[in-house]
There are 2 protein chains.
Amino acid sequence: MSKVIGIGFLGCGNVGSGVWRLLNDFAGEMEHRTGLRFDIRKVLVRNPDKARCIDFAQGVLTTQVEDVLGDPEIDIVLEFLGGEKPACDYLMEALRRGKTVVTANKVAFALHWHELQKTAQEHGAGLYYEAAVCGAIPIIHTLEESLQANRISYIYGIVNGTTNYILTRMSREGAEYADVLADAQKLGLAEPDPSSDVEGLDAAYKLSILASLAFHGRVPFENVHVEGITSVKAEDIRCGQELGYTLKLLAIAKREGLMVETRVHPTFIRNSHPLANVNDAYNAVFLRGHACGEMMFMGRGAGDLPTASAIVSDLVRAASAQKHCYPTFDNTLHPQVALENNTDWQTAFYVRMLAVDKPGVLSHVTQTFTRYEVSIAAMQQKDAAPDGRVTLVFITHRASEKAMMQALRALDTNFACVESVLRVES
Amino acid sequence: MSKVIGIGFLGCGNVGSGVWRLLNDFAGEMEHRTGLRFDIRKVLVRNPDKARCIDFAQGVLTTQVEDVLGDPEIDIVLEFLGGEKPACDYLMEALRRGKTVVTANKVAFALHWHELQKTAQEHGAGLYYEAAVCGAIPIIHTLEESLQANRISYIYGIVNGTTNYILTRMSREGAEYADVLADAQKLGLAEPDPSSDVEGLDAAYKLSILASLAFHGRVPFENVHVEGITSVKAEDIRCGQELGYTLKLLAIAKREGLMVETRVHPTFIRNSHPLANVNDAYNAVFLRGHACGEMMFMGRGAGDLPTASAIVSDLVRAASAQKHCYPTFDNTLHPQVALENNTDWQTAFYVRMLAVDKPGVLSHVTQTFTRYEVSIAAMQQKDAAPDGRVTLVFITHRASEKAMMQALRALDTNFACVESVLRVES
């Protein structure tokens, strides 16, 4: 005897349609494996008359959110609207009515986790969000359930498929950012307004969620330092390649004691690092726990069916749960162990500069670096340009970012102009 | 108020000590996060007087299994003995007494899953075995919980650290198998009797477990075709490298409809495949689901703390469960959908042969291949050896293995002698 679970959709775009398709095509096998049957009772859409490939039964589509939230036969609400408003209000209202929520909404969690979880706990409702980070990769569940016995010291993530696609093509083709972006938009791999992706915000939302779970303390979105890929130049990718590095938009979270640093920015990593081979629209999370050691999880971070794979696994988990679980964050439970935001991080640097080709220039640069305790790991000088200036490329050892910036400001611009500075993780 | 869970160890070698250490060092944080405290009441050992680094309380060590299984305060039994006997008897007895079992014992599951699960279900006991496959990588849990909405079509695994370490060093150094094995034994990275690892049995046990979960039907260990790495030659690794391939001991499981093939053997994969960069003692599982697409999970497959990371996560799960879950296998529930064992698989091949250097030889080889419907994807001819014979290396397109073997037997040995045949997956 299967258990029938009434569900409602908020929104039915790309991901919603994928979930519908997966539930529909797979209903028999699913029921067989899990003893569950899902009955899609209501689907909130903006325009019910729009042509769709989905064959909804009469009366399922609605423009009124109350038809979903107010239906007593709906146990679980699946939210696909995304963004903060009105999605968060709907999620809160669903939870207040005791309905379990399954969502892919990273913004809701990055900005309003506390309220969502508090409301869910107060009303005995479940809160499931595997699909909010890295699509099909079960990284949320892994952090919550499989790595509890670990003190996680760092996470490096490629968590945005659009930017990884753009950087992969820039690397392969030597093409410039604007050209690849335009092509990605034509191919539907970047949004018409790509700003949330290319400026790193999407990755920062996800990093706030991953770091909170990994470090067992809320790491607010506001603490994440964010830089996107809009000013990445093909020439820097090429210079990095010559030194054995690949450029990725990394979401980085590190913890030492109670100090946490979280940052999203273009980052050079060695070609031999497992993340360097994560290409195109793939996502990956690389992390280290004190017991498990280093691990990597790679997969499709977006797309209708990969996201639906995560949503439906949450749906089964939600429908089978005897009791819903919630992560516990040390800094809400125990303010004395609140994590602190470290903004003076250490990292290695890639610096490209144009210098006049005369004696003393290199020694000026290296002496200035030394004065600020920045030491050089690798250097390359290139043939002079037509204007007589030469390109110098440096990779430094780990240094305080503040010291590095001071060193660069202290360079005499009559000798050398800094063209690009990028961070390096090794 | 924390809940105290009495636990007992069967065995306390490398992994058992790791679990003890992790539970001990991490007890405070664990309790804080999970509300659970674990009380290690009894530890079965062969010799209680042996010197240990662990400081067990008086009366904890015992040589009598009944002290563990018969202790009414022990809720969960952790088994670290490994192997079939006597571990399986102890596991069965623990389950019959309603005690939940957490184990890293792959042999027990590969050979006796059905009895273990039946007994566990009959007595309401839990059965947890994340650590049985790929150490710290949560692949069991991922297959059971996060990929339920997928029809998985294939799994490629690097599931044995010892053989991956040996092949990695053979590839890097151009060294021969016997030399690297001897060195690995000196370093403690291979057992004094390495046969279970190097002959592929260890990987085959794990593949039987992974395939059963992925395909939702029991894939018996006996069905796994097993070849180890003992006859791998440095020259073949080198020839493969020249053509852009890396040699790995892959555990392969594929499903098409009800036909399943499972095999463990040295396999060439393209250098660009994510598994090609999984080196040293690391493990990884690469799989494809119809919804999630391709995914890879990489991490430490062995070692005390990585294995303990998986064991302790199972322990927390077992202690928190309101109800224990068990996988359902179609072929026990529904014999009409029993999976069938496909032994006539298709794969691409690498063939190295020594041929006399005279006209007509190449055409003889290619015509023979064609006669058996084997088509050639790449070919390389090398300089003649001192005996005047030339080395020919072929990579074929996918072909029936049976046809390939017939083709090789049909070659005229006056023209060409086959030196090596290896499979290629792409």
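Read on for an overview of the structure. Residue indices begin from 1 for each chain and proceed along its sequence in written order. In the order they appear in the text, chains get letters beginning with A and ligands get numbers beginning with 1. Totals for whole chains, interfaces and linings use all residues, but because this is a predicted model, local features are given only for residues with pLDDT of at least 70 and pairs of side-chain atoms are given and counted only at 80 or more. Calculation of side-chain values draws on the structure's entire complement of heavy atoms; hydrogens and water are dropped beforehand.

### Here we look at the packing of helix H5 (residues 106–122) of chain B against helix H10 (residues 201–215) of chain B
Residues and elements named next belong to chain B.
Next up, step 1: As a packed pair, H5 and H10 sit with axes 9 Å apart at the nearest point and diverge in direction by 55°. With respect to each other, H5 and H10 are oriented oblique. Two packed elements cross with a definite hand, and for H5 against H10 that hand is left-handed. Of H10, the residues touching H5 (which contributes Lys106, Val107, Phe109, Ala110, Leu111 and Trp113) are Asp202, Tyr205, Lys206, Ser208, Ile209, Ser212 and Leu213.
Next up, step 2: Its residues assigned to classes, the contact of H5 with H10 comprises 8 nonpolar, 2 polar and 3 charged. Helix axes are fitted to C-alpha atoms over the stretch in contact, other axes to C-alpha atoms as well, and angles between N-to-C directions run from 0 to 180 degrees. Runs of E in the DSSP output that reach at least two residues are strands. Runs of H or I that reach at least four are helices, and both are numbered from the N terminus. Comment on the angle field: the value is read as roughly parallel under 35 degrees, roughly antiparallel over 145, roughly perpendicular from 65 to 115, and oblique elsewhere. Here a crossing is taken to be left-handed if its near helix is turned anticlockwise relative to the far helix by less than a right angle, and right-handed if that turn runs clockwise. Throughout, a residue-residue contact means that at least one pair of heavy atoms, one from each residue, lies within 4.5 Å. Only Asp, Glu, Lys and Arg are considered charged in this grouping, and only Ala, Val, Leu, Ile, Met, Phe, Trp, Tyr, Cys and Pro are considered nonpolar; every other residue, Gly among them, is considered polar.

### Examining the sheet that holds strand S2 (residues 36–44) of chain B
All names here are of chain B.
Next up, step 1: Strand pairing is defined by DSSP finding a minimum of two bridges between the two strands. Strand order in the open sheet made by the 6 strands is S3-S2-S1-S4-S5-S6, with parallel pairing throughout. This sheet does not close on itself; its edge strands, each paired only once, are strand S3 (61–62) and strand S6 (127–128).
Next up, step 2: Here 4 bridges tie strand S4 (residues 76–79) to strand S5 (residues 100–103), and the two strands are oriented parallel to one another. Among the inter-strand pairings, leucine 78 is bridged to a residue of S5, identified as valine 102.
Next up, step 3: Contacts from helix H1 (residues 14–25) reach strand S1 (3–10), S2 and S4 within the one sheet, and its direction differs from that of S1 by about 160°.

### A short note on the packing of aromatic side chains
Residues and elements named next belong to chain A.
Next up, step 1: A pair of Phe, Tyr and Trp rings is counted when the ring centres sit within 6.5 Å of each other, with Trp represented by its six-membered ring. The angle between the planes then sorts it: under 30 degrees is stacked, over 60 is edge-to-face, the rest tilted. In total, this model carries 21 aromatic pairs over all chains according to the counting rule given.
Next up, step 2: A ring pair is formed by tryptophan 113 and tyrosine 129, whose centres lie 5.4 Å apart and whose planes are at 70°; its orientation type is edge-to-face. Placement of the pair is tryptophan 113 in helix H5 (residues 106–122) and tyrosine 129 in the loop between strand S6 (127–128) and helix H6 (139–146), with a sequence separation of 16 residues.
Next up, step 3: Judged by relative accessible area, tyrosine 129 falls into the buried class, the value being 3%.
Next up, step 4: Ring centres of tyrosine 245 and phenylalanine 268 lie 6.3 Å apart, and the angle between their planes is 70°; on these two criteria the pair is classed as edge-to-face. Taken together, the residues span a long stretch of sequence, with tyrosine 245 in strand S9 (residues 245–256) and phenylalanine 268 in strand S10 (residues 259–270) at a distance of 23 residues. Classification of residues uses two cut-offs on accessible area relative to the type maximum, computed with a 1.4 Å probe and protein chains only: under 20% is buried, over 50% is exposed, and between them is partly exposed.

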